[in-house]
Amino acid sequence: MPDPPHLAARRLGSTPGAGALAPFDRVARLAALVLGPSLASVTVTGCRPASAAGSPGIPDLAGRLSAAEQSLLRSVVESGERVVIADVRLDRRARAADPPAGVRAWAGFPVRDPGGAVAGALCVADLLPRTWTARDIQLLEALAQAAAGEVALRVALRHGAERAELARTLQESLLPPRLPQIPGLAVAARYVAGGSGAEVLGDFYDVFPSVGTSWGLVVGDVCGKGVPAAKSTALARYTLRAEACRHGRPSLILAALNQALLDWLTDDPRFLSAIYATVRPTPAGASVQLSSAGHPLALIRRAAGRVHTLGRPGTLLGLLPDPGLHDSRTTLRHGDSLILFTDGVTEARRRASRHLYGDDRLRDLITGLADMPATAMADAIQQAVHDFSGGEISDDTVVLILQVP
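Residues numbered from 1 in each chain as written. Predicted model: local features only at pLDDT ≥ 70, side-chain atom pairs only at ≥ 80, totals over all residues. Heavy atoms only, no water.

### A look at the overall build of the chain
- Scanning the chain from N- to C-terminus turns up ten helices and 15 strands.
- Within the chain, buried positions represent 54% of all 405 residues.
- Sequence-distant contacts, at least 24 apart, represent 66% of the contacts inside the chain between residues at least 6 apart.
- Summed over its atoms, the accessible surface of the chain is roughly 17,300 Å², and 52% of this surface lies on carbon and sulfur atoms. (Helix = DSSP H or I, 4+ residues; strand = E, 2+ residues; numbered from the N terminus. Buried < 20%, exposed > 50% of the residue type's maximum accessible area, 1.4 Å probe, protein only. Contact = heavy atoms within 4.5 Å. Areas by Shrake-Rupley, 256 points an atom, 1.4 Å probe, with all protein chains shown as cover.)

### Section: the pairing of strand β7 (residues 203-209)
- Burial of β7 is extensive: six of the seven residues sit out of reach of the surface.
- Between β7 and strand β8 (residues 215-222), which follow one another and run antiparallel, lie five residues, and Gly-212 among them has a positive phi close to 60°. (Pairing = 2+ DSSP bridges.)

### Here we look at the side chain of Ser-292
- Within the fold, Ser-292 resides in strand β10 (residues 285-293).
- By relative accessible area, Ser-292 is classed as buried at 1%.
- A polar side-chain atom of Ser-292 sits 2.8 Å from the main-chain carbonyl oxygen of His-295. (Polar contact = N/O pair within 3.5 Å; in protein donor to acceptor, adjacent residues only side chain to side chain.)

### Regarding the pattern of salt bridges
- If you walk through the whole model with that rule in mind, you get 13 salt bridges.
- With a closest N to O distance of 3.0 Å, Asp-87 and Arg-89 form a salt bridge.
- For the salt bridge of Asp-379 with Arg-190, the shortest nitrogen-to-oxygen distance reads 2.5 Å. Remark: Arg-190 occurs in strand β6 (residues 186-192) and Asp-379 occurs in helix α10 (residues 374-388); sequence separation between them is 189 residues.
- Looking at Asp-379, the relative accessible area reads 37%, which means it is partly exposed. (Salt bridge = Lys/Arg side-chain N within 4 Å of Asp/Glu carboxyl O.)

### Points about a negative patch on the surface
- Residues Glu-347, Asp-359, Asp-360 and Asp-364 make up a contiguous surface patch of negative charge.
- Inspection of the secondary structure assignment puts Asp-364 in helix α9 (residues 358-367). (Patch = residues over 30% accessible without salt bridge, like charges linked within 9 Å, V, L, I, M, F, W, Y side chains within 5 Å. Lys, Arg positive; Asp, Glu negative; His and termini not counted. Charge placed at Lys NZ, Arg CZ, Asp CG, Glu CD.)

### Some thoughts on the packing of aromatic side chains
- This model, assessed by the stated rule, comprises two aromatic pairs.
- Taking 6.2 Å as the distance between ring centres and 45° as the angle between the ring planes, the aromatic pair formed by Phe-208 and Tyr-276 counts as tilted. Placement of the pair is Phe-208 in strand β7 and Tyr-276 in strand β9 (residues 272-282), with a sequence separation of 68 residues. The same class applies to Phe-208 and to Tyr-276, which are both buried. (Phe/Tyr/Trp six-rings, centres within 6.5 Å; stacked < 30°, edge-to-face > 60°.)

### With respect to the environment of Trp-264
- Among the secondary structure elements, Trp-264 is positioned in the loop between α7 (250-263) and β9.
- For the pair Trp-264 and Gly-318, spaced 54 residues apart in sequence, the C-alpha separation works out to 9.5 Å.
- Setting aside residues up to four positions removed in sequence, Trp-264 forms contacts with Arg-26, Lys-231, Ser-232 and Leu-235.

### So, the sheet that holds strand β15 (residues 397-403)
- Read from one edge of the open sheet, five strands run β6-β15-β14-β11-β12, paired in antiparallel fashion. Either end of the sheet is taken by a strand with one partner, and the two such strands are β6 and β12 (307-310). Averaged over neighbouring strand pairs, the angle between their axes works out to 20° when direction is ignored.
- Two elements, strand β11 (residues 298-301) and strand β14 (residues 337-341), share three bridges in a ladder whose sense is antiparallel. If you follow Leu-299 over to β14, its bridge partner there is Ile-339.
- Where α10 meets the sheet, its contacts fall on β6, β11, β14 and β15, and the angle it forms with β15 comes to roughly 155°. (Axes fitted to C-alpha atoms, helices over the stretch in contact; angles between N-to-C directions.)

### A short note on α7
- Counted at 1.5 Å a residue, the expected span for α7 with its 14 residues is 20 Å, and the 20 Å between its end C-alpha atoms agrees.
- Those residues of α7 that fall on the buried side of the exposure criterion are Pro-250, Ser-251, Ile-253, Leu-254, Leu-257, Asn-258, Ala-260 and Leu-261. (Expected span 1.5 Å × (residues − 1).)

### Regarding the confidence of the model for the chain
- Confidence in the prediction of the chain, expressed as mean pLDDT, is 81, and 79% of residues score 70 or more.
- Ranking the helices and strands of the chain by mean pLDDT puts β14 first, with 98, and strand β2 (residues 50-53) last, with 52.
- Counting interchain partners and residues more than four positions distant, the pLDDT-below-50 stretch residues 1-19 has 39 contacts.
- Note that pLDDT drops below 50 for residues 53-63; the model gives that stretch 21 contacts with residues more than four away or on any other chain. (pLDDT = per-residue confidence, 0-100.)

### Considerations on empty space enclosed by the protein
- Counted according to the given criterion, the structure contains two cavities of 30 Å³ or more.
- The computed volume of the largest cavity comes to approximately 70 Å³.
- For the lining of the largest cavity, the elements supplying multiple residues, two or more each, are α1 (18-35), α4 (134-159) and α6 (226-244).
- In terms of residue class, the lining of the largest cavity is made up of seven nonpolar, one polar and three charged. (1 Å grid on protein atoms, 1.4 Å probe; cavity = no way out; pocket = protein on both sides within 12 Å on 5 of 7 lines; lining within 4 Å. Points joined across faces, edges and corners; volume = space filled by probe spheres on them. Nonpolar A, V, L, I, M, F, W, Y, C, P; charged D, E, K, R; others polar.)

### Examining the sheet that holds strand β13 (residues 328-333)
- One open sheet accounts for five strands, arranged β7-β8-β9-β10-β13; its pairing is antiparallel. Strands at the two margins of the open sheet, each flanked by one partner only, are β7 and β13. Going from strand to strand, the sheet's axes swing by 20° on average, the running direction of each strand aside.
- Sheet topology places β9 next to β10; nine bridges connect them, and they run antiparallel. Bridge pairing in β10 places Thr-282 opposite Gly-285.

Here's what the structure looks like:
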C-alpha cells in the first residue's frame, strides 16, 4: 500500500523477506482461524500484505488486495478509526470504492506504532454478509494490538541506540500499559526488571476480558532473554487473548498456547511456564478457575490471614504435544486475595550468603499483610524481595494480585 504523506517518515522499511513478515502472518492466520470462514490480512506501511485464508475455497490475497479493499484499508489508516461493514452492498463507503468481488462483509482495525501514529491495519473479509458481534470486535482489537506489539519490536530494533533503551522499549511493548477495572474486584501488578536492565528477559503478565462476564489473568516466564524471548512473549500474549475469547477453561487455553509454540517455525524455539486464571465476579466475591504449566502455584490469602496454595503442577509449554495440565477451582470472598508471581520472587538471593528468599518467607510475609489493598500488597512483596537481595535482583520479578475488597 503506498504510504500516505503523513506516514512516509514512519516507514518500517522496504519490502522485507518472508521471515520478517512471519509475525504479522501469524496474527492474520489466527484472526482467520478464530473467526471461521474468513480471510484476514495485516498490512504495514512499506510492506506487502501478510494474509491467511480461514478455510478451503477462499481466495488467497497474499499476492495483492483489490483496488476496493485497498481503498477501504486506506480509510482505516488515514482516519485512525475502525471500519466495520456488515454488507458491502448496503454500505456507502464500500459502494463508493466499488465493492470487491466475492466479498460481502469487511472489517478493518488500525495498527499503531509506539508513538500512537497509525502504521497499518488488520483487515478481515467474509464471503457472506455478517453481523460482527461484540466478541468479534474484541478479538480483532486484541489482534490489532498484537500486530502493534510487533511494530514496536521493529521500531525498537531499528532505532534503539543503547541496549538499555532497547530493552526498556521492548519490555514496555510486552506488558499492558494499564490494568483494566474488573467490576467488584481490585487488581494490581508490579514488574521489576532483573539484571542490569540492558536485556529483555522473559517475565510477563496480562489481564483481559474473557468469555461472558469473566476475565483472564496470566503470569508467565519465557526461557531465555533478548529479542527471541521477547518474540515468544508477544506470541504468548496474543494467543492467550484470542483463545480467551473462545472459551474460559484455563487448561484448554494453555494447551492452545502450547500448540502455537510447537507450530512456530523458528530456528530458536522457546519454552515457557505460565499460570492462567479465569475469574468471574459474583455477588459474594469471585469464582476462580486456574491452571499452571510448569509455573509456581498461586497463593490464596483468606481474609482471616490463612495462606494456602491453589492448583496442581503442570508441564512446561512448548516441549510436548500433549502437556499435563489440570484445572482447579476456588471461591474468593470479601477480604480474600489471589497472588500470582514468577520464580524471580522466590529465587531471589541474599547477596552475602546466597540464600534463597524461598516459599516459606513469601507465605509468612503474605500472612502478615492484614487489611492491605491489592496495590499495597504488591508493593510490600516487591519491597521485601528488594530488601532481601540487597537491591541486586538477577531475574525479573512479577507479582499480580486479585482481591475482593
